[in-house]
Amino acid sequence: MQANETVQDGVSEIKKIGIDVPFEDLVPLGVIDYCVIKEYFIDKELANVFLYKF
C-alpha cells in the first residue's frame, strides 16, 4: 500500500490473488505498528488487520 492509498484500496490487492471480498464484510481487528531498522534502512509501517468470516 502506498502513502496515498486508503485502507479500502487494500481490497484491490486481495482481488489480485483471485479473492473477491467486499470491504464492508471485513471485521477490523486493529492496527499493527511495525518497524525494522538496519544499518542504512528504516522501514516503518502501520498494518491494518481484518478478519473475513466465510
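Keep in mind that this is a model prediction, so the values were computed, not measured.

Turning our attention to the overall build of the chain. On a plain count of helices and strands, the chain comes out with 1 helix and 2 strands. Sequence-ordered secondary structure for the chain, helices as α and strands as β, is α-β-β. Computed over C-alpha atoms, the radius of gyration of the chain comes to 14 Å, more than 25% over the 10 Å expected from 2.2 N^0.38 for 54 residues, which places it beyond the range of a compact globule. On the principal axes, the C-alpha backbone points of the chain span a range of 40 × 20 × 20 Å. Counting the 54 residues in the chain, one finds 7% classified as buried. On the chain, roughly 4,900 Å² of surface is accessible, and the fraction owed to carbon and sulfur atoms is 57%. Between the mean site of the 5 positive side-chain charges and the mean site of the 10 negative ones, the chain shows a separation of 3 Å.

As a further point, take a nonpolar patch on the surface. Together, Val-27, Leu-29 and Leu-51 make up a nonpolar patch on the protein surface, roughly 240 Å² of accessible area in all. Locating Leu-51 in the fold gives a position in strand β2 (residues 41-52).

For the structure on display, the rule yields 2 salt bridges. Salt-bridge contacts for Lys-16 lead to Glu-13; the nearest nitrogen and oxygen are separated by 3.2 Å. Placement of the pair is Lys-16 and Glu-13 together in helix α1 (residues 11-16), with a separation of 3 residues, close to one helical turn. Taking the relative accessible area as the measure of exposure, Lys-16 reaches 64% and is therefore exposed. Glu-13 sits in the partly exposed class, given a relative accessible area of 42%. For Asp-20, the salt bridge is made with Lys-15, and the minimal N-O distance between the two is 3.7 Å. Of the residues examined, Asp-20 reaches a relative accessible area of 58% and is grouped as exposed. With a relative accessible area of 46%, Lys-15 lands in the partly exposed category.

Parameters and conventions
- Residues numbered from 1 in each chain as written.
- Predicted model: local features only at pLDDT ≥ 70, side-chain atom pairs only at ≥ 80, totals over all residues.
- Heavy atoms only, no water.
- Helix = DSSP H or I, 4+ residues; strand = E, 2+ residues; numbered from the N terminus.
- Rg over C-alpha atoms; globule rule 2.2 N^0.38 Å.
- Buried < 20%, exposed > 50% of the residue type's maximum accessible area, 1.4 Å probe, protein only.
- Areas by Shrake-Rupley, 256 points an atom, 1.4 Å probe, with all protein chains shown as cover.
- Lys, Arg positive; Asp, Glu negative; His and termini not counted.
- Charge placed at Lys NZ, Arg CZ, Asp CG, Glu CD.
- Patch = residues over 30% accessible without salt bridge, like charges linked within 9 Å, V, L, I, M, F, W, Y side chains within 5 Å.
- Salt bridge = Lys/Arg side-chain N within 4 Å of Asp/Glu carboxyl O.

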